[in-house]
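Listed below are the residues making up each chain.
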Amino acid sequence: MAQNAFDALGQRAYSIPNADAPELAPLGAFEVGVTEMTFTDPARPNIVEALAGRTPAAPRDVPVTIWFPAKDTTSRAPATYTGKLNFRPGTRPPEVPETYDYTGLANTAAEPVSGQQFPLVVISHGYGNWAAFLSYLGENLASKGYVVASIEHNDLPYTDLASFNISFGNTMLNRSRDQRFVIENLLALATGEHPVGSLIDTSNVGLIGYSMGGFGAIASAGAGYTHDSPSLSQIPPAMLAGLLADDNFIEPHPSLKTVIAIAPWGGAPANRAWSTEAIQNIDLPMLFIAGDQDDVSGFDDGIKWLYEAASASDRHMLVFENGRHSIGGNPEPPFSYDYFDMTDWFNEPVWRRDRVVGINQHFVTAYMNFHLKQDKAAADFINVAPTRSNDGDWPIPPGGYTGSAYSGGQHEGKDYWKGFQRRWALGLQMHRAAPK
């Protein structure tokens, strides 16, 4: 599609990568439309209701932002998304609002294309985020022929430790349930006459979860939680029915073909939510994306532990060397530059956020193309060698573009990361482990 990078205010849509992004990051051929809908679960376990002495279940609304391949149109109504500015309680400067708006690439006036079906990708954000927190992936994938549904989990606000515990408990209770609920409802929508639902290929579904979204995605992929977890032990087992690793655990939806977990929470010993045996129950292919200095989810004993424990999965792990936890979401709003709390929430100490965005767009595209579209050529962009990008041996002159110059990531015995420009595959690792 046409890459009209800037809106009237000069803002670049996060879904449009910079020129230094790897080969598969740029937008695809489709215009992108966007719509919103809400699904209602009539009886969801509810911590707030239970603590108040009322029925432990209540209706739960689950809003969803959906990006889809759209017809070309001269009518333009650019999407505006509303984000949250998260400060520690009591530290928000009086001049800083609680929310901010940013413009996307998607067209709210666009109609879905007709006569075609596309894989469904569900996105699940992190704690305290919002549905369009990963719009850089949602819009980008939709332009490449995917229906992308991003969940608004509506995490409860908090002001002190007691309300934080309730809010976080509610998040643990609902992440995987929201993911499964949205998948089921969208696949049901695909069987009717709904214009967006009719686009969905019901046999090919992918799930992307960032941070707490990754915590839910690992359960949705097949790993039941353990109630012995230091965190989950505070929730009554009855409220976790179907999510615990027991005979009542609800197995993954049969249409779910692959899962990408970005900085997933819940693997580190202090909050470990799974036994090794539970993780070994995952047999879906998975891509883990991690910073090796993640100080929220933990790396060696957290994300890497999850990757190594998932021994029944054909899995990959992309590592940002010296990356921390903020490797999953959109870049920060410009006015956050003046406030460390916002910079700390959105940004990375070492990595440029726009660079992270382009790298994620590249690998997520390759992974979904391979597993949901059966694009065998995409494997060359995933199964890169050597493990550390820094060790690549580039066989081309400066300025050459490896993705178009050579196939397979190898030429005359020299290995390098396919799809990266010369000198720009730096600071990354890609690990792969076959199922045992």
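What you are looking at is a predicted structure, and each value in this text was computed from that prediction instead of being measured. Per chain, residues are indexed from 1 in the order of the written sequence. Under the rules for a predicted model, residues below a pLDDT of 70 receive no local features and side-chain atom pairs below 80 are neither given nor counted, while totals for whole chains, interfaces and linings still include all residues. Derived side-chain values reflect all non-hydrogen atoms in the structure, with water molecules and hydrogen atoms excluded from consideration.

(A) Just the pattern of salt bridges, in detail. Here, a salt bridge means any Lys or Arg side-chain nitrogen found within 4 Å of an Asp or Glu carboxyl oxygen. According to the stated counting rule, one finds 14 salt bridges in the structure shown. A salt bridge links Arg352 to Asp20; the shortest N-O distance between them is 2.7 Å. Placement of the pair is Arg352 in the loop between α7 (340-346) and α8 (353-372) and Asp20 in the segment before β1 (31-45), with a sequence separation of 332 residues. With relative accessibility at 38%, the residue Arg352 sits in the partly exposed group. Labels follow the DSSP assignment, with helices taken as runs of H or I lasting at least four residues and strands as runs of E lasting at least two, numbered in each case from the N terminus. Only protein chains enter the calculation, and the probe is 1.4 Å; a residue is then buried if its accessible area is under 20% of its type maximum, exposed if over 50%, and partly exposed in between.

(B) A look at the side chain of Ser135. Examined against the element boundaries, Ser135 turns out to sit in helix α2 (residues 135-142). Beyond its immediate stretch of four places on either side in the chain, Ser135 contacts Tyr14, Ser15, Trp67, Tyr81, Tyr102, Asn140 and Asn330. Only heavy atoms matter for contacts: two residues are in contact if any of them lie within 4.5 Å across the pair.

(C) Structural context of α2. Within α2, eight of the eight residues are buried, which leaves the element mostly enclosed by the surrounding structure. Among all positions of α2, only Ser135, Tyr136, Leu137, Gly138, Glu139, Asn140, Leu141 and Ala142 are buried.

(D) Summary view of the packing of helix α3 (residues 161-189) against helix α4 (residues 212-220). In contact at an axis separation of 8 Å, α3 and α4 are set at 50° when each is read in the N-to-C sense. Classified by the angle between their axes, α3 and α4 sit oblique to one another. As for how α3 packs across α4, the hand of that crossing is right-handed. Each of Phe168, Thr171, Met172, Arg175, Ser176, Gln179 and Arg180 in α3 lies in contact with α4, whose residues at this interface are Met212, Gly213, Phe215, Gly216, Ala217, Ala219 and Ser220. A class-by-class count of the residues in the contact of α3 with α4 yields six nonpolar, six polar and two charged. Helix axes are fitted to C-alpha atoms over the stretch in contact, other axes to C-alpha atoms as well, and angles between N-to-C directions run from 0 to 180 degrees. With respect to orientation, any angle under 35 degrees is reported as roughly parallel, any angle over 145 as roughly antiparallel, any angle of 65 to 115 as roughly perpendicular, and every other angle as oblique. Take the far helix as the reference: if the near one is turned anticlockwise from it by less than a right angle, the crossing is left-handed, and if turned clockwise, right-handed. Ten residues, namely Ala, Val, Leu, Ile, Met, Phe, Trp, Tyr, Cys and Pro, are considered nonpolar, four, namely Asp, Glu, Lys and Arg, are considered charged, and the remaining ones, Gly among them, are considered polar.

(E) Representation of the layout of surface pockets. A pocket, in this scheme, is an open set of points on a 1 Å grid over the protein atoms alone with protein on both sides within 12 Å along at least 5 of 7 lines, while a cavity is a set where a 1.4 Å probe fits but cannot get out; residues line either one if an atom lies within 4 Å of a point. Grid points are joined across faces, edges and corners, and a volume is the space filled by probe spheres set on the points. Estimates place the volume of the largest pocket at around 1,300 Å³. Looking at the largest pocket, it is lined by 42 residues, and the ones nearest its centre are Asn86, Tyr127, Gly128, Tyr158 and Trp345. Breaking the lining of the largest pocket down by element, the ones donating at least two residues are α3 and α7. The dominant element in the lining of the largest pocket, judged by the number of residues it contributes, is α7, at four residues. Of the residues that constitute the lining of the largest pocket, the class distribution is 17 nonpolar, 14 polar and 11 charged. Taken as a whole, the second largest pocket holds about 360 Å³ of empty space. Lining the second largest pocket are 19 residues, with Arg12, Tyr14, Pro331, Glu332 and Tyr337 positioned closest to its centre. Looking at the lining of the second largest pocket, the elements that each hand over two or more residues are β4 (99-107) and α8. Tallied by class, the residues present in the lining of the second largest pocket amount to 12 nonpolar, two polar and five charged.

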